[in-house]
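Read off the chains here:
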Amino acid sequence: MQEDRSSRTAEYMALFRALEGLLPAERRLFVDPLARDFLGLPLRVAVELARIPVLVQLECRLIDRRWPGVRTSAAARTRLIDDRVVAAVASGAQQVVILGAGFDARAIRLAALARCAVFEVDHPATQARKRRLLGARAPANLRFVPTDFAEGRLEAAIAAQGYQAERLSVVIWEGVTNYLTADAVDETLRWCAKAAADSEVIFTYIHEDVLRDPGAFYGTAPLLRRLEAAGERWTFGFDPRRLPAYLHERGLELLEDVGASEYRSLCYGPAAARMRGYEFYRVARARVVADRARLRG
């Protein structure tokens, strides 16, 4: 992303969350009441117009036609991650770390997180804008950690804000790995594995094949061209077949790995059968293994 401004893709994700909350109650996956506040004027106008029921349906259809699968994948992955995080907190997690938080507002909209310390780690430009927009609405349990994953300063930066590695935690890393280098992803996951045993790491990634052959996935080539033009090019992906071994080597055990078709089906039910695009996008969930010696054996 550009050094002097917040992420454009983060703003579009906020747009999709804002529109999701305006859909009929029986169709929407969640409500994010703060999403609109993170939008620039043109996108904010789009959300205001979408308050008219017929227009929200029209806007969603137009987005889905221009970027096949992006909006529905973003909404479904957010709901899936929300559910997994709430379950982890119910099982005893005391800290929630949100890596690359963007303009999501989980620390505010998920009531279960109120009893945890929540650490939002993000690029300084994106986080500065978010803090200005939140103002006094930021809860007391939310700590902001401005850092750039590419600089390798995560461990020191988050410790300075009170993060305690010995406490059971859940780490969320949504919509970030595909913008990083292999080294940055490796270093961050190794840091995650230093958390207390049985802590969970929930992260998204893209199938590495989409970087080599975008045309193999429906509607993807135009999307990658737009990302390139915005200066937010995708740079990294995993082969799902190799992910379990990759995580194993870093002290993590894969618990769940689902693609967009699967998590849309989990969240939207039968309606997901009509959704197409973004099948290369995946959500993985792993746990920190207690016995590292056993892993190396």
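## Structural notes on the packing of aromatic side chains
Thinking step 1. Within the structure shown, the criterion is met by 15 aromatic pairs.
Thinking step 2. Between Phe-203 and Tyr-205, the aromatic rings sit 6.1 Å apart at their centres with planes inclined by 40°, giving tilted as the arrangement.
Thinking step 3. Consider the rings of Phe-236 and Phe-238, whose centres lie 4.9 Å apart with planes at 85°: the pair is edge-to-face.
Thinking step 4. Residue Phe-236 is classed as buried on the basis of its relative accessible area of 11%.

## Comments concerning helix H12 (residues 260-268)
Thinking step 1. Of all the residues in H12, the buried ones are Ala-260, Tyr-263, Arg-264, Cys-267 and Tyr-268. Buried residues of H12, viewed axially, fall in a sector of 115°; they line one side.
Thinking step 2. Those residues of H12 hidden inside the fold are in contact with helix H1 (8-20), helix H4 (70-90), strand S6 (252-259) and strand S7 (281-288).
Thinking step 3. Of the residues flanking the end of H12, it is Gly-269, one or two places downstream, whose phi is positive at about 70°.

## Describing the sheet that holds strand S3 (residues 142-146)
Thinking step 1. Read across the open sheet, the 7 strands follow the order S3-S2-S1-S4-S5-S7-S6; overall the sheet is mixed. Each of the sheet's edge strands pairs with one partner strand only, and the pair in question is S3 and S6. Here the average twist between neighbouring strands, direction ignored, is 20°.
Thinking step 2. Across 7 bridges, the pairing between strand S5 (residues 200-206) and S7 is antiparallel. Bridge pairing in S7 places Tyr-205 opposite Arg-282.
Thinking step 3. Sitting on the sheet, helix H8 (residues 182-192) is in contact with strand S1 (95-99), strand S4 (169-173), S5, S6 and S7, with an inclination near 165° to S4.

## Quick notes on the pairing of strand S2 (residues 117-122)
Thinking step 1. Counted residue by residue, S2 has 6 buried out of 6 residues, so it is predominantly covered.
Thinking step 2. Burial along S2 is two-sided: the face carrying Ala-117, Phe-119 and Val-121 and the face carrying Val-118, Glu-120 and Asp-122 are both buried.
Thinking step 3. By the bridge criterion, 5 bridges tie S1 to S2 in an arrangement that is parallel. Paired with Gln-95 across the strands is Ala-117, a residue of S2.
Thinking step 4. When S2 meets S3, the two strands line up parallel, connected through 5 bridges. The residue of S3 that forms the bridge with Val-118 is Leu-142.
Thinking step 5. Running through helix H6 (residues 124-134), the crossover from S2 to the neighbouring parallel element S3 is right-handed.

## Things to note about the environment of Asn-141
Thinking step 1. Note on placement: Asn-141 falls in the loop between H6 and S3.
Thinking step 2. When the C-alpha positions of Asn-141 and Ile-108 are compared, they lie 9.8 Å apart, and in sequence the two are 33 residues distant.
Thinking step 3. Ignoring any residue separated from it by four or fewer positions in sequence, one finds Asn-141 in contact with Leu-113, Ala-114, Cys-116, Ala-117 and Val-118.

Cut-off values and rules
Residues numbered from 1 in each chain as written. Predicted model: local features only at pLDDT ≥ 70, side-chain atom pairs only at ≥ 80, totals over all residues. Heavy atoms only, no water. Phe/Tyr/Trp six-rings, centres within 6.5 Å; stacked < 30°, edge-to-face > 60°. Buried < 20%, exposed > 50% of the residue type's maximum accessible area, 1.4 Å probe, protein only. Helix = DSSP H or I, 4+ residues; strand = E, 2+ residues; numbered from the N terminus. Arc of directions from axis to C-beta. Contact = heavy atoms within 4.5 Å. Pairing = 2+ DSSP bridges. Axes fitted to C-alpha atoms, helices over the stretch in contact; angles between N-to-C directions. Right-handed = clockwise from strand over helix to strand, strands pointing away.

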